[in-house]
Amino acid sequence: SQTIHQWPATLVQPVGSPLSLECTVEGTSNPNLYWYRQAAGRGLQLLFYSVGIGQISSEVPQNLSASRPQDRQFILSSKKLLLSDSGFYLCAWSLLNSGANVLTFGAGSRLTVL
Amino acid sequence: SQQGEEDPQALSIQEGENATMNCSYKTSINNLQWYRQNSGRGLVHLILIRSNEREKHSGRLRVTLDTSKKSSSLLITASRAADTASYFCATGAGSYQLTFGKGTKLSVIP
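Residues numbered from 1 in each chain as written. Chains lettered and ligands numbered in written order. Predicted model: local features only at pLDDT ≥ 70, side-chain atom pairs only at ≥ 80, totals over all residues. Heavy atoms only, no water.

(A) Expanded view of the overall build of chain B. For chain B, the helix and strand inventory stands at 0 helices and 11 strands. Each helix (α) and strand (β) of chain B, taken in turn from the N terminus, gives the series β-β-β-β-β-β-β-β-β-β-β. In terms of C-alpha radius of gyration, chain B reaches 13 Å, essentially the compact-globule figure of 13 Å for 110 residues. Along the first, second and third principal axes, the C-alpha atoms of chain B reach 40 × 30 × 20 Å. (Helix = DSSP H or I, 4+ residues; strand = E, 2+ residues; numbered from the N terminus. Rg over C-alpha atoms; globule rule 2.2 N^0.38 Å.)

(B) The nonpolar core, seen in detail. Core analysis: the biggest nonpolar cluster contains 21 residues, and Met21, Leu32, Trp34, Leu74, Ile76, Tyr87 and Leu106 of chain B have the highest contact counts within it. Where this core is concerned, the elements lending two or more residues are β2 (10–14), β3 (19–24), β4 (31–37), β5 (43–50), β7 (61–66), β8 (71–76), β9 (85–92) and β11 (104–109) of chain B. (Core = buried A, V, L, I, M, F, W, Y, C linked by side-chain atoms within 4.5 Å. Buried < 20%, exposed > 50% of the residue type's maximum accessible area, 1.4 Å probe, protein only.)

(C) Representation of the environment of Ser50 of chain A in the model. Residue and element names in this part refer to chain A. Considering the arrangement of structural elements, one finds Ser50 in strand β5 (residues 44–52). Of the residues examined, Ser50 reaches a relative accessible area of 0% and is grouped as buried. Residues Ser50 and Leu82, spaced 32 residues apart in sequence, show a C-alpha to C-alpha distance of 24 Å. At 2.6 Å, the side chain of Ser50 forms a polar contact with the backbone oxygen of Gln55. (Polar contact = N/O pair within 3.5 Å; in protein donor to acceptor, adjacent residues only side chain to side chain.)

(D) Structural context of the interface of chain A and chain B. The interface of chain A with chain B comprises 25 residues on the first partner and 22 residues on the second. The contact between chain A and chain B buries some 1800 Å² in all, and 55% of this surface belongs to carbon and sulfur atoms. The three residues of chain A that bury the most area against chain B are Leu44, Asn101 and Phe105 of chain A, which together make up 23% of that side's buried surface. Between chain A and chain B we count 0 salt bridges in total. The tally of links between chain A and chain B comes to 4 residue pairs in polar contact (both at pLDDT 80 or more). Across the side of chain A that touches chain B, the residue classes tally to 14 nonpolar, 8 polar and 3 charged. (Contact = heavy atoms within 4.5 Å. Buried area = accessible area lost by both parts, 1.4 Å probe. Salt bridge = Lys/Arg side-chain N within 4 Å of Asp/Glu carboxyl O. Nonpolar A, V, L, I, M, F, W, Y, C, P; charged D, E, K, R; others polar.)

(E) Molecular detail of the side chain of Ser79 of chain B. All names here are of chain B. Here Ser79 lies in the loop between β8 and β9. By relative accessible area, which is 2% here, Ser79 ends up buried. Looking at Ser79, its side chain comes within polar contact range of the main-chain oxygen of Gln14, at 3.4 Å. Of the polar contacts made by the side chain of Ser79, one reaches the backbone oxygen of Glu17; its length is 2.8 Å. Not counting residues within four places of it along the chain, the set of residues in contact with Ser79 comprises Ile13, Gln14, Glu15, Gly16, Glu17, Arg60 and Val108.

(F) The state of the cysteines, seen in detail. Tallying each qualifying case throughout the model produces 2 disulfides over all chains. Each disulfide pairs two cysteine sulfurs, and for Cys23 of chain A the partner residue is Cys91 of chain A, the sulfurs being separated by 2.0 Å. Measuring the twist about the S-S bond at about -75 degrees, one finds the Cys23 of chain A-Cys91 of chain A disulfide to be left-handed. Placement of Cys23 of chain A in strand β3 (residues 19–26) and of Cys91 of chain A in strand β9 (residues 87–94) is noted, with a sequence separation of 68 residues between them. Exposure remark for Cys91 of chain A: the relative accessible area of 0% places this residue in the buried category. Covalently, Cys23 of chain B is tied to Cys89 of chain B through a disulfide, its sulfur atoms 2.0 Å apart. Residues Cys23 of chain B and Cys89 of chain B are joined by a disulfide whose S-S torsion is about 65 degrees; by sign, that bridge is right-handed. With a gap of 66 residues between them, Cys23 of chain B in strand β3 and Cys89 of chain B in strand β9 connect regions that are remote in the sequence. (Disulfide = S-S within 2.5 Å.)

Here is the structure:
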């Protein structure tokens, strides 16, 4: 069976510090991978998605970047965090099946920038 | 940008009652999905309905889709305290992306 791991679960960082959130998927090959951000009381905002190694699509211009160094590894990074980067970050994977994309989410990483 | 908009934003009911949540969207879709999120956790997929379907059931869940009105509803019958969570609709247009709404926060009072 497939599993998705996301870490760290919580993170408190000062403004201007770097960020690295990691996500790995087990039990499947060539998944689509996603990073979403959820601000308090709001819906999910798609940040990045990847359909293959080294292929990253960015949805929102921002202070963040993503990389996919291996087939089942997706990393969200920032060189210098802003206060507005605080939020709940969710990694997800899917396999496009008959035109429908069902997402399986990780447990999330809560980032607080002070 | 977010396409799905859930209504109501919050819903509080007694255990055993039915809970109905609505979702409206703006553009053409290939499918619509509902997800559940317990507080502080990741989202869990509940049910998918394709654009050529009008109704779908899964256990105590019933989803309807009206593409002419660009709306969907999620009905949870005989609610339980464990159903307390936020519920999100997500629209797909056949590509890699899903667009989520802001969610309905459901509280089921024992």
